[in-house]
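# Breakdown of the fold
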Amino acid sequence: DMMREVLGLKELERKIKKKLPVEDVIVVAGDSDQSPWVKREMGRACVSRIKHSLKGNDIVAVTGGTTLAAVAEMMTPDVKYRDVLFVPARGGLGEDVTNQANTICARMAEKAMGHYRLLHVPDQLSAETYQSIIEEPAIKEVLELIKSSTIVIHGIGDAKTMAERRKTPPEEMTKIEQNKAVAEAFGYYFNQDGEVVHKVNTVGIQLEDVRHVPCVIAVAGGASKAKAIQAYMKQANRCILITDEGAAKQLVRDD
Ligand code: G3H
């Protein structure tokens, strides 16, 4: 910690805590917009934070994204994970397979040597098929496990970047732009005041559920995400933020 004090990371953490209603914040050195390995450093910090928060038979819900993929890569086995179950936080959000919550969930659980359950619900379904699929006992069981998550780990994205990366239909794209969305997290889009302006319809954890989860960890870095992080945190409840110097410096500078 002496080194982190010398590097000014501790000072950035203190400033962020004053500015944003976060439960805790960890700032790692570097800017993940510039150096991709910084995501792995956030991943490392996240892994040690998860271990610190484990109670025993936790259910850990994870979202998709490149940052969460880095968290999964940095995961290491521990006896503490013996009775831990990993689940995807929500169903499909239109991401490519590498960025999907299912993929990351399986990878993280394998590295932790824990257990996992996946959510096999296709993205594009008629309302009718959707209703019957979520009534399937095997699907229903996973959905119930997801709703009883004790730890949620999620990324935060820049709204435009995320909407473009996912195959967002033109009319939803217009809605996201017209409502001035700046942030995205688990399929919800937020304006700069932290208000939801759009959500992707899918099963799994909903924003209301996240508020009741005992431990929520958001992992997001890069100067380009500062506005998104700030907006998201306006509505978050006792969220632990793991970020990098790039985002942190921009955050304490912004109004
Ligand atoms: O769900 C995706 C996150 O909101 C951000 O994705 O980690 O690839 O930037 P990312």
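Here we summarise the structure given alongside this text. (Residues numbered from 1 in each chain as written. Predicted model: local features only at pLDDT ≥ 70, side-chain atom pairs only at ≥ 80, totals over all residues. Heavy atoms only, no water.)

### Description of the overall build of the protein chain
What counts here: Secondary structure follows DSSP: runs of H or I at least 4 residues long count as helices, runs of E at least 2 residues long count as strands, and numbering of each begins at the N terminus. Note that the radius of gyration is over C-alpha atoms, with the globule rule given as 2.2 Å times the number of residues to the power 0.38. To sort residues, take the accessible area from a 1.4 Å probe on protein chains only and compare it with the maximum for the residue type: under 20% means buried, over 50% means exposed, and anything in between is partly exposed.
Counting its secondary structure elements, the protein chain contains 12 helices and 11 strands. Radius of gyration (C-alpha) of the protein chain: 17 Å, near the 18 Å computed for a compact globule of 255 residues. Structurally, the protein chain occupies a C-alpha span of about 55 × 50 × 30 Å along its principal axes. Buried residues in the protein chain amount to 53% of all 255 residues.

### A few points about the site of the ligand
For clarity, the cut-off: We call a residue near a molecule or strand whenever a single non-hydrogen atom of that residue lies within 4 Å of it. Each polar contact in these results corresponds to two N or O atoms within 3.5 Å; when the atoms are within protein, one needs to be able to donate a hydrogen and the other to accept it, and residues that are neighboring in sequence are counted only if both atoms are side-chain atoms. Where accessible areas are quoted, they stem from the Shrake-Rupley method and a 1.4 Å probe; at the residue level, only the protein chains shown are allowed to cover. Ten residue types, Ala, Val, Leu, Ile, Met, Phe, Trp, Tyr, Cys and Pro, are classed as nonpolar, four, Asp, Glu, Lys and Arg, as charged, and the remainder, Gly among them, as polar.
The environment of the ligand is made up of Gly64, Gly65, Thr66, Thr67, Gly155, Ile156, Gly157, Met162, Arg165, Arg166, Glu184 and Lys225. At a separation of 2.6 Å, an oxygen atom of the ligand approaches a polar side-chain atom of Glu184. Look at the ligand: alone it shows 300 Å² of surface, and the protein chains cover 95% of it. Residues of the shell around the ligand, tallied by class, amount to 2 nonpolar, 6 polar and 4 charged.

### Brief notes about the nonpolar core
Across soluble globular proteins, nonpolar side chains show a tendency to be buried alongside one another. To keep things clear, this is the line we draw: In these notes, a set of buried Ala, Val, Leu, Ile, Met, Phe, Trp, Tyr and Cys residues joined through side-chain atoms within 4.5 Å is what counts as a nonpolar core. Contact criterion: two residues are considered in contact whenever any of their non-hydrogen atoms come within 4.5 Å of each other.
With 46 residues, the main nonpolar core has Ile16, Leu119, Ile156, Ile229, Tyr232 and Met233 as its most contacted residues. Tallying contributions element by element places helix 11 (residues 226–235) first for this core, with 6 residues. Among residues more than four places away in sequence, those in contact with Leu119 are Pro88, Arg90, Gly91, Asn102, Ile139, Val142, Leu143, Ile146 and Val203.

### Observations regarding a nonpolar patch on the surface
Note the following rule: For patches, a residue must show more than 30% relative accessible area and have no salt bridge; joins then use 9 Å for like charges and 5 Å for nonpolar side chains, namely Val, Leu, Ile, Met, Phe, Trp and Tyr. Any carboxyl oxygen of Asp or Glu that lies within 4 Å of a side-chain nitrogen of Lys or Arg is treated as forming a salt bridge with it.
On the surface, a cluster of nonpolar side chains totalling about 460 Å² of accessible area is made up of Met2, Met3, Val6 and Leu7. Relative to the elements of secondary structure, Met3 occurs in helix 1 (residues 2–6). Note on Met3: relative accessible area 54%, which makes it exposed.

### Concerning the pattern of salt bridges
Using the criterion set out here, one finds 19 salt bridges in the structure. Between Arg107 and Glu73 there is a salt bridge, with its nearest N and O atoms 2.8 Å apart. Residue Arg107 is found in helix 5 (residues 101–112), and its partner Glu73 is found in helix 4 (residues 66–74); the two are separated by 34 residues along the sequence. Between Glu184 and Arg166 there is a salt bridge whose closest N-O contact spans 2.8 Å. With Glu184 in strand 7 (residues 183–185) and Arg166 in the loop between helix 8 (159–165) and helix 9 (170–178), this residue pair connects regions lying 18 residues apart in the sequence. Residue Glu184 shares its accessibility class with Arg166, and that shared class is buried.

### Structural notes on the pairing of strand 2 (residues 59–62)
The cut-off we apply is this: For two strands to count as paired, DSSP must find a minimum of two bridges between them. Call a crossover right-handed when, viewed with both strands pointing away from you, the route from the first strand across the helix to the second goes clockwise.
Burial of the side chains of strand 2 extends over both faces: Ile59 and Ala61 are buried on one face and Val60 and Val62 on the other. Taken together, the 4 bridges between strand 2 and strand 3 (residues 85–88) define a ladder with parallel strand orientation. If you follow Val62 over to strand 3, its bridge partner there is Pro88. In this view, the connection linking strand 2 to its parallel neighbour strand 3 by way of helix 4 has right-handed handedness. Pairing analysis gives 3 bridges linking strand 2 to strand 5 (residues 151–155), with the strands arranged parallel. If you follow Val60 over to strand 5, its bridge partner there is Ile151.

### With respect to the packing of aromatic side chains
Operational definition: Geometry of aromatic contacts follows a simple scheme: Phe, Tyr and Trp rings, the Trp one being its six-membered ring, pair when their centres are within 6.5 Å, and the pair is stacked under 30 degrees between planes, edge-to-face over 60, tilted otherwise.
Under the definition given, this model contains 5 aromatic pairs. Relative to Tyr232, the ring of Phe186 has its centre 6.4 Å away and its plane inclined at 90 degrees; by these criteria the two rings are edge-to-face. One end of the pair, Phe186, is in the loop between strand 7 and strand 8 (188–190); the other, Tyr232, is in helix 11, with 46 residues separating them in the sequence. A relative accessible area of 4% means that Phe186 is categorised as buried. The class for Tyr232 is buried, based on a relative accessible area of 2%. Within the aromatic cluster, the residues linked to one another by ring pairs are Phe186, Tyr188, Phe190 and Tyr232.

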